[in-house]
Amino acid sequence: MPSLKALRTRINSVKSTQKITSAMKMVAASKLRRAQQQAEAARPYAERMERMLRALAASVAGSPTAPPLLVGTGSDKVHLVIAVTADRGLAGAFNSQIGRAARGLVRRLEAEGKTVKILAVGRKGRDYLRRELSSRIVGEISYAGKRRLEFSDAQEIGVQVAAMLAAGEIDVATLVYNRFQSVISQVVTEQQIIPAPPPPEGESADLGGAIYEFEPDEETILSKLLPQALAIQMYRALLESAAGEHGARMTAMDNATRNAGDMIKRLSQNYNRARQANITKELIEIISGAEAV
Amino acid sequence: MAVSLEIVSPEKLLLSRPVDMVVIPAAEGDMGVLEGHTPMIVTLRGGTIDLYEGDRITERLFVDGGFAEVTPERCTVLANKAIPLAEVNKADAERRLAEAEAAYEAADKRDTAIEDAALDVVQSARAMVEAAG
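Here we take up the overall build of chain B. Tallying secondary structure elements over chain B gives 2 helices and 8 strands in all. Its helices and strands in sequence order give chain B the pattern β-β-β-β-β-β-β-β-α-α, from N to C terminus. Relative to a compact globule of 133 residues, whose C-alpha radius of gyration would be 14 Å, chain B shows 15 Å and is just as compact. Along the first, second and third principal axes, the C-alpha set of chain B runs to 50 × 30 × 25 Å. When contacts within chain B are restricted to residue pairs at least 6 apart in sequence, long-range pairs at least 24 apart make up 52% of them.

Once that is clear, we can look at the domain arrangement of chain B. Residue and element names in this part refer to chain B. Taken domain by domain, chain B holds domain 1 (3–85) and domain 2 (88–132). Across the boundary between the two partners, domain 1 contributes 9 residues, which contact 8 residues of domain 2. Broken down by secondary-structure element, the contributors of at least two residues to the side of domain 1 that touches domain 2 are strand 5 (40–53) and strand 6 (56–70). The dominant element in the side of domain 1 that touches domain 2, judged by the number of residues it contributes, is strand 5, at 4 residues. Split into classes, the residues belonging to the side of domain 1 that touches domain 2 amount to 3 nonpolar, 4 polar and 2 charged.

Before going further, it helps to spend a moment on the confidence of the model for chain B. For chain B, the average pLDDT comes to 87, and 99% of its residues sit at 70 or higher. Per the prediction output, this complex has pTM 0.84; the corresponding ipTM is 0.82.

Let's shift gears to the interface of chain A and chain B. Counting residues at the interface gives 22 residues for chain A and 20 residues for chain B. For the side of chain A that touches chain B, the element with the highest residue contribution is helix 1 (residues 4–60) of chain A, accounting for 9 residues. When its residues are assigned to classes, the side of chain A that touches chain B shows 18 nonpolar, no polar and 4 charged. Here 3 bridges tie strand 6 (residues 213–215) of chain A to strand 5 of chain B, and the two strands are oriented parallel to one another.

Definitions and cut-offs
Residues numbered from 1 in each chain as written. Chains lettered and ligands numbered in written order. Predicted model: local features only at pLDDT ≥ 70, side-chain atom pairs only at ≥ 80, totals over all residues. Helix = DSSP H or I, 4+ residues; strand = E, 2+ residues; numbered from the N terminus. Rg over C-alpha atoms; globule rule 2.2 N^0.38 Å. Contact = placed C-beta atoms within 7 Å. Domains from an automatic or database assignment. Nonpolar A, V, L, I, M, F, W, Y, C, P; charged D, E, K, R; others polar. pLDDT = per-residue confidence, 0-100. Pairing = 2+ DSSP bridges.

In structure tokens form, the structure reads like this:
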């Protein structure tokens with residue numbers, strides 16, 4: 001039986017932990033709201049970009065000079081895996097599930113005889129992947145200390161990836177990130193970004209049959225539009241991941257707060273029982289002392 | 001009798017309203033867009049977008065390049081940045097021009113794609129200085 005004093009300190013320490021976790025939960029909730037708004041605001045651009053890209057892609061389809069960002073390099077020997085995680089932990093399985101998915105993907109590709117390179121976005125993912133796959137990591141990016149993700153951050157990654165493709169260092173690129181589904185569920189998503197995935201069937205009809213004129217020619221526009229589209233995909237993934245991170249942290253901290261509550265309840269019960277036992281013991285001592293006289 | 005104009009940046013929808021005419025700085029010369037324009041997809045250079053009501057300019061914005069999609073009913077501008085002309089700061093613009101020129105000097109001249117990209121940035125910065133002046 002621990003002493004009364006030990007129990008008291010224990011209860012106090014659990015209480016302060018509970019305060020921290022519940023504060024973190026509230027912070028995560030407000031950050032989540034902001035991240036969701038930001039993701040919402042990014043949608044119109046992405047949608048319109050996609051519409052333009054579809055019109056362009058349809059008109060250069062089959063052309064032998066189509067840019068590699070759209071159709072790939074014609075080979076699929078070297079894969080780039082871009083793993084997007086958070087910079088901070090305490091978010092439940094958020095980071096490790098990306099780590100696991102990325103590792104699975106790397107193993108699968110290597111089993112097929114492909115060469116794999118990894119670009120780790122976010123500190124936690126980098127730490128996780130470095131343990132086993134450090135030889136494949138070709139780059140790492142972290143936004144620790146940044147208050148708000150900006151489009152230029154995503155653009156930097158896009159430029160880096162496009163440069164690797166242009167230099168012939170990679171053939172295919174896949175993005176692995178947590179897609180925000182709801183506060184309690186983030187879905188690990190693998191998305192191929194190079195070569196650009198073909199548009200879903202039957203959706204190209206919504207152009208209303210319009211035939212666009214291009215100025216300057218299609219390929220010049222494409223060569224400018226594609227890097228931008230790549231950056232947009234990165235930006236969306238980063239925003240989804242940010243929203244997911246806060247959602248995951250909110251759930252994790254909610255659980256932690258509840259667990260701390262349960263623990264306090266159990267400890268207080270023990271404490272009260274011990275106190276009662278002490279009082280009874282003292283009473284017995286006094287009474288038996290009095291009887292002995 | 002109006003085109004619905006949308007100006008979108010990656011971070012948000014900046015403007016969405018019908019105008020009588022809009023003049024956009026297309027890569028190969030300014031382009032006036034009225035209702036019923038041929039469908040077009042164009043790239044933009046850095047320059048100003050003028051919004052017309054009747055024959056009066058009601059709003060002017062600076063864009064640093066981007067793309068535009070024109071259809072008979074609407075005109076969609078995708079820009080990295082669009083700022084009302086009144087808010088363009090000359091000092092900022094000049095700093096940007098200096099940076100762009102330095103980047104152009106440093107750029108690899110053997111690769112025409114890189115050189116062109118750097119030149120586009122310089123042109124856009126120069127247009128921004130002019131817009132501010």
